[in-house]
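So the chains spell out like this:
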Protein chains: 2
Amino acid sequence: MQQVLFDYISKYIDLTEDEKNVLVDLDVFRTAKKGEILLREGEKTNNTFFVIKGCIRTYYLIDGEEKTTAFSTELEGVTPHCVIDKSPSRYYVSAVEDSIITVGSSDMEEEMFERFPKFEIMCKKVSEELLAKRHLDLDEFKILSPEQRYLSLLEKRPDLIQRVPQHQLASFLGVTPQSLSRMRARINKKN
Amino acid sequence: MQQVLFDYISKYIDLTEDEKNVLVDLDVFRTAKKGEILLREGEKTNNTFFVIKGCIRTYYLIDGEEKTTAFSTELEGVTPHCVIDKSPSRYYVSAVEDSIITVGSSDMEEEMFERFPKFEIMCKKVSEELLAKRHLDLDEFKILSPEQRYLSLLEKRPDLIQRVPQHQLASFLGVTPQSLSRMRARINKKN
DNA sequence: TCATTTTATTAACTTAAGGTAACGTTTTTA
DNA sequence: TAAAAACGTTACCTTAAGTTAATAAAATGA
C-alpha cells in the first residue's frame, strides 16, 4: 500500500529512506466504504484525496439529481476547488467502490514542503501535467459528439464502463441515462 | 506593459527590484498581429504564452474545419500540452486580435527557478488555481445545455461575445455556428 | 428472504442540434 | 476600389438528445 504511493512519487522525485519514513508517519492512508461521502456540497475542507485502490467520483446535486462529472481511480487524485479557492465546495466527492485512499491536508503539505522542498516541486510538476491533460479533456469534450465521447471512453478507459453504474457514466459523458442506453443500442446494432 | 506583468506576479509573490530587473532582461515581450499563428499542430515547442493585452485562441483543425476550444485574454496564459508532455502539438494557437504577449521558454524558466526559487512556488500556485478552475469549467460544460452555456458565458465573459467572431465562439460553446445563431434568435424572441 | 429501492432499458413524443444550402453583409486583399 | 473570401443568419430536412412513463432486473436492507 505504501509501496504503491512510493512508486507513484518515484516517477517525479527520488525518495530517501528518511523521507519515506516521514511520509509513513503522516499516516495518510484510510479506507472508504462504497457510497461513503468524503466531501459534501457547501463544506469547506483542506483535504485532498488520492486513490490507491478503488474509485471515487465527483458529483453535483442539481434539482435533486446527481450529476457526476469525474471519476478518479488508481493513482489519480482529487484536489477539491475549495482547498485552492477557500470557498464552499460546489460538489460532493464519494466512493464508488470500497476504496483505499490517502487524505492529505494543506497543513500537512506545508510541513512537508518545509522539510523537503522537493515535494513542492513534485506538486508543481503534477499540477502542470494534470492541467495540460485537463485542457485536452475539455477540448475533446467540446469537439466530440456524445456518441464519439462514449466510443473514446471505451478506448481510453474501458475499465470505467465496467466498474461504474451507467447512470453515473451518462452524466460523466454529458447525456441522460436514457440517451446513453440508446447510444449503446445504436452502436451494438452497427456491429 | 512591464508593470502589468509585475502587478500580476505581485498577487502571488513579492518582487524585489533585483528580480524585476532580471525579469525585464529576459526580454519576453512581443507583439502578435491579428491572425498570426504562435503554434502549429504537429510542432514541438517549449514556449509558453501569457497575454498582456489582446486575445489568443486555441483551435484544432479537423477535416479542414477550425474548432476553437479556448480563448485567453488579458492576464491569462497558455501552456501548450507539448511543453509538458514533449509530444507534437495537437492544436494551433493564434492571435484573435493584435496582441501584446510574453513568450517564455522552459530553459528560461529553469534559469529563473534556480536564481529565484520563489518563482517556482508561484508557478505551482498558478497551476493549482488553474487546475481547480478548469475542473469547474469542464464540470459546467458537462452539466449545462448549449443554450445554458451561452447564457453563462454572457454573464461571466460578456466581453468575449463582443470581441470574438461568432463561428469561433460557436465551437468554443460546443455547437455549430448555425446552432449558435438559432440560439441567439431564440433568446431574443423570449425577451 | 422478501419487500423496497435503485438501476437499465425501451417506447412515444417533443425539442433542439447537425447538415446542406441560399442569401445578404462585412472584411480582406490583390 | 473592385473582386473574392469570409461571415452571420435563415430555412428546410434529418438525426439525435431530452422528457415522461412503463417495465423488468438487480441490488439493498430490514
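Okay, the interface of chain B and chain A next. Tallying the contact residues gives 33 residues for chain B and 33 residues for chain A. Counting each side, the surface lost to burial between chain B and chain A is near 3400 Å², with a carbon and sulfur contribution of 71%. When the buried area of chain B at its contact with chain A is split by residue, Leu131, Arg134 and Lys142 of chain B rank highest and sum to 20% of it. Across the pair Glu120 of chain B and Lys124 of chain A runs a salt bridge, and its minimum N-O distance is 3.6 Å. Those elements giving two or more residues to the side of chain B that touches chain A turn out to be strand E4 (56-62), strand E5 (65-72), helix H3 (81-85), helix H5 (117-143) and helix H8 (166-172) of chain B. For the side of chain B that touches chain A, the element with the highest residue contribution is H5 of chain B, accounting for 19 residues. Here the residues of the side of chain B that touches chain A are counted per class, giving 16 nonpolar, seven polar and ten charged.

Now for the domain arrangement of chain A. Residue and element names in this part refer to chain A. Domain boundaries in chain A define domain 1 (2-126) and domain 2 (144-191). Put simply, the middle of domain 1 and the middle of domain 2, counted by C-alpha atoms, are 27 Å apart. Across the boundary between the two partners, domain 1 contributes 14 residues, which contact nine residues of domain 2. Viewed at the interface, domain 2 and domain 1 are joined by three salt bridges. Salt-bridge contacts for Glu76 lead to Arg157; the nearest nitrogen and oxygen are separated by 3.3 Å. Taken together, domain 1 and domain 2 are joined by seven residue pairs in polar contact (both at pLDDT 80 or more). Sort the elements by how many residues they give to the side of domain 1 that touches domain 2 and strand E5 (residues 65-72) lands first, with six residues. Class assignment of the residues belonging to the side of domain 1 that touches domain 2 gives a composition of four nonpolar, four polar and six charged.

Here the focus is a negative patch on the surface. All names here are of chain A. A contiguous patch of negative charge, built from Asp107, Glu110, Glu111 and Glu114, is present on the exposed surface. Within the secondary structure layout, Glu111 lies in helix H4 (residues 106-115). Given a relative accessible area of 47%, Glu111 falls into the partly exposed group.

Taken together, 17 residues lie around DNA strand C, and His167 and Ser181 of chain A together with Lys34, Gln178 and Ser179 of chain B are the ones closest in. A breakdown of the atoms of DNA strand C within 4 Å of the protein gives sugar and phosphate a share of 67%. Residue His167 of chain A places a side-chain N or O atom 2.8 Å away from a phosphate oxygen belonging to DNA strand C. Here Arg182 of chain B contributes a side-chain N or O atom positioned 3.1 Å from a base oxygen of DNA strand C. Of all the elements in the fold, those that place two or more residues in the surface near DNA strand C are helix H8 (166-172) and helix H9 (177-190) of chain A together with helix H9 (177-190) of chain B.

With that out of the way, let us pick up the protein's contact with DNA strand D. Near DNA strand D you find 17 residues, and of these Gln178, Ser179 and Arg182 of chain A together with His167 and Ser181 of chain B are the closest. A distance of 3.2 Å separates a phosphate oxygen of DNA strand D from a polar atom in the side chain of Thr176 of chain A. Take Gln178 of chain A: an N or O atom from its side chain is 3.3 Å from a base oxygen of DNA strand D. The element contributing the most residues to the surface near DNA strand D is H9 of chain A, with five residues. For the surface near DNA strand D, the per-class residue count stands at five nonpolar, eight polar and four charged.

Residue Asp63 of chain A is not a glycine yet carries a positive backbone phi of 50°. The exposure class assigned to Asp63 of chain A is exposed, which follows from its relative accessible area of 79%. In the Ramachandran plot, Lys86 of chain B falls in the positive-phi region, its phi being about 60° despite a non-glycine side chain.

This part covers the sheet that holds strand E1 (residues 29-32) of chain B. All names here are of chain B. Spatially, E1-E8-E3-E6 is the arrangement adopted by the four strands of the open sheet, whose pairing is antiparallel. The outermost strands of the open sheet, each flanked by one partner alone, are E1 and strand E6 (77-78). The pairing of strand E3 (residues 47-53) with strand E8 (residues 99-105) spans six bridges and is antiparallel. Bridging across to E8, Phe50 finds its partner in Thr102. Helix H1 (residues 2-10) rests against E1, E3 and E8 of the sheet, and its axis sits at about 110° to E3.

Rules and cut-offs
Residues numbered from 1 in each chain as written. Chains lettered and ligands numbered in written order. Predicted model: local features only at pLDDT ≥ 70, side-chain atom pairs only at ≥ 80, totals over all residues. Heavy atoms only, no water. Contact = heavy atoms within 4.5 Å. Buried area = accessible area lost by both parts, 1.4 Å probe. Salt bridge = Lys/Arg side-chain N within 4 Å of Asp/Glu carboxyl O. Helix = DSSP H or I, 4+ residues; strand = E, 2+ residues; numbered from the N terminus. Nonpolar A, V, L, I, M, F, W, Y, C, P; charged D, E, K, R; others polar. Domains from an automatic or database assignment. Polar contact = N/O pair within 3.5 Å; in protein donor to acceptor, adjacent residues only side chain to side chain. Patch = residues over 30% accessible without salt bridge, like charges linked within 9 Å, V, L, I, M, F, W, Y side chains within 5 Å. Areas by Shrake-Rupley, 256 points an atom, 1.4 Å probe, with all protein chains shown as cover. Lys, Arg positive; Asp, Glu negative; His and termini not counted. Charge placed at Lys NZ, Arg CZ, Asp CG, Glu CD. Buried < 20%, exposed > 50% of the residue type's maximum accessible area, 1.4 Å probe, protein only. Near = heavy atom within 4 Å. Pairing = 2+ DSSP bridges. Axes fitted to C-alpha atoms, helices over the stretch in contact; angles between N-to-C directions.

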